[in-house]
Amino acid sequence: MDRREFLKAGALGFLGLMLGEAKMIHAEAAYYEPMIYKRFLQFTEYEERKATEFLVIHHTGYPGIDKDSTAAGIHKYHQEANGWAGIGYHYLIRKDGMIEQGRRPNAVGAHAFNHNQTSIGICLAGNFNIGTPTAAQMDSVKELCAWLCQKYELKPMQKGVIVGHKDVNHDVDCPGRQLYKRLPEIRQFCEDNR
Ligand SMILES: [Zn+2]
């Protein structure tokens, strides 16, 4: 081996090492936090959640119309019409896929009666008994759930970990037929990206 070959072998070895390392890092990589728009909404009270055991998927479900909403709009509505501390959901996903922060991530939400102490509420804007979730909303809810499953060490395929609102409160039809039937797709994405 002359000097040039020696250098080449060294460079290739180094490159191989780098690639190997990159692969290793990739294998161990956490699923990254998706872009979440923080709105710094003001709440009248704040209670820390003791545990996070499951994710509850909702739709806004305005009667008779499949429309977009903002976290700020729901916040105002939940305070004024419901008399709550503020928006009940932890995350709102708009029709264009934008993820907005609602209630603080560690706070007890107000989205699933009797289950708020141990769950996170994720709401997609729309009425999915009338319309269908947009492709951007589906991408965002998958990314958000995958990240939350890692953050809270949840097993997405386990029964009761990623649920529709109606699974825990039987008197509602939330998150609407067209979103409810796609929950398996969300669970599978989370499983594939653990
Ligand atoms: Zn709901």
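Presented here is a report on the structure given in the accompanying data block. (Residues numbered from 1 in each chain as written. Predicted model: local features only at pLDDT ≥ 70, side-chain atom pairs only at ≥ 80, totals over all residues. Heavy atoms only, no water.)

## Points about the sheet that holds strand 6 (residues 162–164)
And then number 1: The six strands lie next to each other as 1-4-3-5-2-6, forming an open sheet whose pairing is mixed. Both outer strands of the open sheet, strand 1 (36–37) and strand 6, are each paired with one neighbouring strand and no more.
And then number 2: With six bridges connecting them, strand 2 (residues 54–59) and strand 5 (residues 119–124) associate as parallel partners. Within strand 5, the residue paired with Leu 55 across the bridge is Ile 120. (Pairing = 2+ DSSP bridges. Helix = DSSP H or I, 4+ residues; strand = E, 2+ residues; numbered from the N terminus.)

## What to know about the coordination of the zinc ion
And then number 1: Protein coordination of the zinc ion is provided by His 58 (ND1), His 165 (ND1) and Cys 174 (SG), with donor distances spanning 2.0 to 2.3 Å.
And then number 2: The sequence pattern describing where the donors of the zinc ion fall on their chain is H-x106-H-x8-C. Of this pair, His 58 sits in strand 2 while His 165 sits in helix 4 (residues 165–168); the two residues are 107 residues apart in sequence, bridging distant segments of the chain. Taken individually, His 58 and His 165 each receive the classification buried, so the pair is uniform in this respect. (Donors = N, O, S within 2.8 Å, 3.2 Å for Na, K, Ca; no water. Buried < 20%, exposed > 50% of the residue type's maximum accessible area, 1.4 Å probe, protein only.)

## Quick notes on the pairing of strand 2
And then number 1: Across the six residues that make up strand 2, a large majority, six, are buried.
And then number 2: Here strand 2 shows two buried faces, one formed by Phe 54, Val 56 and His 58 and the other by Leu 55, Ile 57 and His 59.
And then number 3: Both strand 2 and strand 6 contribute to a ladder of three bridges, which runs parallel. By the bridge assignment for strand 6, Val 56 is matched with Val 163.

## A word on the packing of aromatic side chains
And then number 1: With the rule as written, the count across this model stands at one aromatic pair.
And then number 2: Ring centres of Tyr 62 and Tyr 77 lie 6.5 Å apart, and the angle between their planes is 65 degrees; this geometry places the pair in the edge-to-face category. Separated by 15 residues along the polypeptide, Tyr 62 in the loop between strand 2 and helix 2 (71–80) and Tyr 77 in helix 2 bring together distant segments of the chain.
And then number 3: Directly above the ring of Tyr 62 sits Lys 67, whose terminal nitrogen or CZ lies 4.3 Å from the centroid.
And then number 4: Stacked on the ring of Tyr 180, the Lys or Arg Lys 166 has its end atom at 4.2 Å from the ring centre. (Phe/Tyr/Trp six-rings, centres within 6.5 Å; stacked < 30°, edge-to-face > 60°. Lys NZ or Arg CZ within 6 Å of the ring centre and 35° of its normal.)

## Concerning the side chain of His 75
And then number 1: Mapped onto the elements, His 75 comes out in helix 2.
And then number 2: The contact partners of His 75, leaving out residues within four places of it in the chain, are Leu 41, Gln 42, Phe 43, Ala 85, Gly 86 and Ile 87. (Contact = heavy atoms within 4.5 Å.)

## Quick word on helix 3 (residues 135–151)
And then number 1: For helix 3, spanning 17 residues, the distance from its first C-alpha to its last is 24 Å, which sits close to the expected 24 Å at 1.5 Å a residue.
And then number 2: Buried within helix 3 we find Gln 137, Met 138, Ser 140, Val 141, Lys 142, Leu 144, Cys 145, Ala 146, Trp 147, Leu 148 and Cys 149.
And then number 3: Note on helix 3: the residue one or two positions beyond its end, Glu 153, has a positive phi of about 55 degrees. (Expected span 1.5 Å × (residues − 1).)

## Re the pattern of salt bridges
And then number 1: Following the criterion strictly, the structure yields eight salt bridges and no others.
And then number 2: Across the pair Lys 95 and Asp 66 runs a salt bridge whose closest N-O atoms are separated by 2.8 Å. With Lys 95 in the loop between strand 3 (91–93) and strand 4 (99–101) and Asp 66 in the loop between strand 2 and helix 2, this residue pair connects regions lying 29 residues apart in the sequence.
And then number 3: Among the ionic pairs, Arg 182 bridges to Glu 185, the shortest N-O distance being 3.1 Å.
And then number 4: Arg 182 sits in the partly exposed class, given a relative accessible area of 25%.
And then number 5: Put simply, Lys 142, Arg 182 and Glu 185 are held in one network by salt bridges that share partners. (Salt bridge = Lys/Arg side-chain N within 4 Å of Asp/Glu carboxyl O.)

## Considerations on the pairing of strand 5
And then number 1: For strand 5, the buried fraction is high: six of the six residues fall into the buried class.
And then number 2: Along strand 5, one buried face is formed by Ser 119, Gly 121 and Cys 123 and the opposite face, lined by Ile 120, Ile 122 and Leu 124, is buried too.
And then number 3: Taken together, the three bridges between strand 3 and strand 5 define a ladder with parallel strand orientation. When the sheet's bridge partners are listed, Leu 92 is paired in strand 5 with Cys 123.

## Let's talk about the state of the cysteines
And then number 1: Scanning all chains against the criterion turns up zero disulfides.
And then number 2: Cys 145 carries a free sulfur, and the closest cysteine sulfur to it, the one in Cys 190, is 5.1 Å from it. (Disulfide = S-S within 2.5 Å.)

Keep in mind these values describe shape, not function.
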